[in-house]
Amino acid sequence: MKKLCFDLETTGLDVHTCRILGIAFCCMPLKAFYVSFSEDEQKTKKYLERLRPIFEDDSITKIGHNLKFDMNVLRSYGIKVKGPLIDTMVMDYLIHPDDKKHGLKKLSLQHLNYQQLTFNDVAMNSNRNEKTLEGVHSKIVTNYACEDADQTFQLYNHFNPLIGKYKLDTVYKLDCQLVSVLADMEYNGVLIDKKELKKIEKDVELKIGDAKLRIEQFTKGTVLISSPPQISMFLFEELALTPMGERGENGHYSVSQNVLHKLVGEHQIIGALLDYRGSSKVKTTFIKALKNINPKTGRLHTSYNQTVAATGRLSSSKPNLQNIPSQTIGKQLRACFKTPKGYSLIGADYSNIELRVTAHLSQDKKMLNAYRTDVDLHTLTTSKIFNIPYEEVTKEKRGVGKTVNFGLLYGMSAFGLSEKLSREGTGYTIEECTQFINDFFELYEGVKKFSDDLIYRATTKGYAETMIGRRRPLPELQSNDTSEREAGKRKALNTPIQGTAADILKIAMVSIYNRLKKEGLKSKMLLQVHDELLFEVPDGEKNIMKKLIRLEMVNAVHLSIPLEVDLKIGKSWKEAH
DNA sequence: TATACCGCGTT
DNA sequence: GACGTACGCGGTATAG
């Protein structure tokens, strides 16, 4: 199999608008060369045309560091990179999932003991006082660019045997296949209804103004509302309210939502503060996020980071579309995610995927049985902890059971459970919560064994792992510090569950992507939110897509129990969620 | 200007 | 004494 290692030098802010300055290639025996492009875009395009056959050759494996970026830049020039992909950033992530940085230059120093030239070493100040490679002598740029390609290729050679040694082959193949899928999703972007968004913004601004007036009745403008320390001093010194929380690092009592909730009724300002916080969060975080529409495409493009979440999950940034609210105001925000004429959105959610994974991995009889016979697990847990018949579980009580179910997957304590429940509006003492936890493990004996076993295995092996072999080293399990060790135990429990669920999503994404390509369908995958996928489909493909999506998601892996998928279709994310 | 901390949205 | 996983990102405060 032919392999090609390459790296782009670019300038500009995003893949849709940036320009390619040149491309460095590296081949065996270690030899790198650089193709410098012209300032003239027409010439650049002419050069790229000559390279197109290489990039689009299915039989050539492409090696790169953060290939997704380079692929999307090439895509904006009309070149679709094909063939198997190998990403050295992904390789380092698989071996060191907890590392915060996987940059090429850092890895080069760390693994190859080579100090690369930095961008600042070679870049020059432009007239706009920005550092750029434009105008730098071609010999210098060549040197710099070729180092990147060369080091990438050497890193590939360095990591390759380690992937086999740590038995990461399966997950490595999966994550590399996912690179193209994510590149496409980022490139596609999602359509936002600007008018709808503006309406919400106006509405929220009114609410902020109202809350601000109510607050300033008391503060008389002496306090910066968005400053926790100032609010803390005002509440606990000026008004002499009783601090409910702990002092933070900066010596001030906490004024978090949690604390404020407990003070509602003590003073009118509390409710106003909560209103202000809620509305200003919506305006400054979410509405602002949705305004980041790319002028060139008219759509909103997020970035998916494949190498930050140590469990194997993806993360989304610039903007983060994985934390758009889902309740109340979230419904309005999600109504702004629209389709072009003639298209619909399909949302597909795995139902209870983490609990199903837990049932499978633990082989707990009661859990398996529940999922095989369509018993609702949250209701089952609820009936046990309140000692009431399954049929008599109310919606409110079921919410408690649900929290207990999730809490236990994270290794939550009775204290934590009590806090969480009170945040959700139902108060239970720590004693009651201790009872809930005991009841839970009495009901699901297999989960107790499973949990102990996971911690034991992670401690002896030194790492936690998912069903398909994704690893997370947990050296903290050997720590002398109790709280570090306890945190390690929670990770040892949670990582296989959250990570396996993440693997399943990724497998489904790759299968769906491959089928879309193979069958020449026009539908596009747009978003992933941990257990949910969102697609934009031409109306003519609605029916075939509904079947295809469900089939590939349900069959992503074979567990002891079926995977279930909720599908919804509509003209906005609100309707498709 | 860069970094730390608090706070808060999702799963 | 602490007490829930995994994140991104807004604001203020503080260090340089």
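This write-up is about the structure you can find in this document. Everything numeric in this text was worked out from a predicted model, so none of it was measured. (Residues numbered from 1 in each chain as written. Chains lettered and ligands numbered in written order. Predicted model: local features only at pLDDT ≥ 70, side-chain atom pairs only at ≥ 80, totals over all residues. Heavy atoms only, no water.)

With respect to the packing of aromatic side chains
A complete count under the given rule lists 13 aromatic pairs for this structure. Measuring from centroid to centroid gives 5.8 Å for Phe236 and Tyr253, while their planes differ by 75°, and the two rings are edge-to-face. Placement of Phe236 in helix α9 (residues 228-238) and of Tyr253 in the loop between α9 and α10 (257-263) is noted, with a sequence separation of 17 residues between them. Note on Phe236: relative accessible area 11%, which makes it buried. Relative to Phe436, the ring of Phe386 lies with its centre 5.5 Å away and its plane at 70°, an arrangement referred to as edge-to-face. A residue pair is termed long-range when its members are at least 10 positions apart, and Phe386 in the loop between α15 (377-385) and α16 (395-409) and Phe436 in helix α18 (residues 430-443) qualify at 50 residues. For the pair shown, Phe386 and Phe436 are each scored as buried. One aromatic cluster is present, built from ring pairs that chain together Phe6, Phe25, Phe33 and Phe55. The ring of Tyr463 is capped by Arg471, whose NZ or CZ atom sits 3.8 Å from the centre of that ring. (Phe/Tyr/Trp six-rings, centres within 6.5 Å; stacked < 30°, edge-to-face > 60°. Helix = DSSP H or I, 4+ residues; strand = E, 2+ residues; numbered from the N terminus. Buried < 20%, exposed > 50% of the residue type's maximum accessible area, 1.4 Å probe, protein only. Lys NZ or Arg CZ within 6 Å of the ring centre and 35° of its normal.)

Considering the sheet that holds strand β12 (residues 343-350)
With respect to topology, 4 strands assemble into an open sheet ordered β15-β16-β12-β17, the strand pairing being antiparallel. For this open sheet the edge positions go to β15 (524-528) and β17 (565-570), each flanked by a neighbour on one side alone. Across the sheet, the axes of successive neighbouring strands diverge by a mean angle of 20°, strand direction being ignored. With 7 bridges connecting them, β12 and strand β16 (residues 532-538) associate as antiparallel partners. When the sheet's bridge partners are listed, Ser344 is paired in β16 with Val537. (Pairing = 2+ DSSP bridges. Axes fitted to C-alpha atoms, helices over the stretch in contact; angles between N-to-C directions.)

Quick word on the layout of surface pockets
The rolling of a water-molecule-sized probe over the atoms marks out the regions of remaining empty space. In this model, the second largest pocket occupies a volume close to 1100 Å³. Forming the walls of the second largest pocket are 42 residues, and the residues nearest its centre are Leu13, Val15, Asn66, Phe69 and Lys318. At the level of elements, β1 (2-11), α2 (67-76), α3 (88-95), α4 (104-112), α6 (138-165), α7 (169-188) and β9 (303-305) are the ones that each hand at least two residues to the lining of the second largest pocket. Tallied by class, the residues present in the lining of the second largest pocket amount to 14 nonpolar, 15 polar and 13 charged. (1 Å grid on protein atoms, 1.4 Å probe; cavity = no way out; pocket = protein on both sides within 12 Å on 5 of 7 lines; lining within 4 Å. Points joined across faces, edges and corners; volume = space filled by probe spheres on them. Nonpolar A, V, L, I, M, F, W, Y, C, P; charged D, E, K, R; others polar.)

Here we look at the protein's contact with DNA strand B
For DNA strand B, the set of nearby residues contains 20 residues, the closest of which are Glu249, Val255, Gln257, Arg277 and Lys281. Sugar plus phosphate: this is where 83% of the atoms of DNA strand B within 4 Å of the protein reside. The separation between a phosphate oxygen of DNA strand B and a polar main-chain atom of Gln257 is 2.7 Å. In terms of residues, the surface near DNA strand B owes the most to one element, helix α11 (residues 268-290), which gives 3 residues. Within the surface near DNA strand B, the residues separate by chemical class into 6 nonpolar, 9 polar and 5 charged. (Near = heavy atom within 4 Å. Polar contact = N/O pair within 3.5 Å; in protein donor to acceptor, adjacent residues only side chain to side chain.)

Brief notes about unusual backbone geometry
Note the cis peptide between Lys318 and Pro319, where omega equals -5°. Residue placement: Pro319 occurs in the loop between β10 (315-317) and α12 (329-334). The backbone of Asn113 sits at a positive phi, close to 55°, despite the residue not being glycine. On the basis of relative accessible area, Asn113 is assigned to the exposed category, the value being 66%. One non-glycine residue, His530, lies in the positive phi region at around 70°. With respect to the element layout, His530 can be found in the loop between β15 and β16.

Structural notes on the side chain of Gln151
Summarising the element assignment, Gln151 is placed in helix α6. Ignoring sequence-local partners within four residues, the contact set of Gln151 consists of Leu104, Ser108, Leu112, Tyr114 and Gln116. (Contact = heavy atoms within 4.5 Å.)

Structural notes on empty space enclosed by the protein
Within the structure shown, the criterion is met by 1 cavity of 30 Å³ or more. Its volume calculated, the largest cavity comes out at about 40 Å³. Taken together, Thr358, Leu408, Leu409, Phe440, Phe441, Val447, Ser451, Leu493 and Ile497 make up the full set of residues lining the largest cavity. Among the secondary structure elements, those contributing two or more residues to the lining of the largest cavity are α16, α18, α19 (445-461) and α20 (482-518).

Any link to function would need more than the numbers given here.
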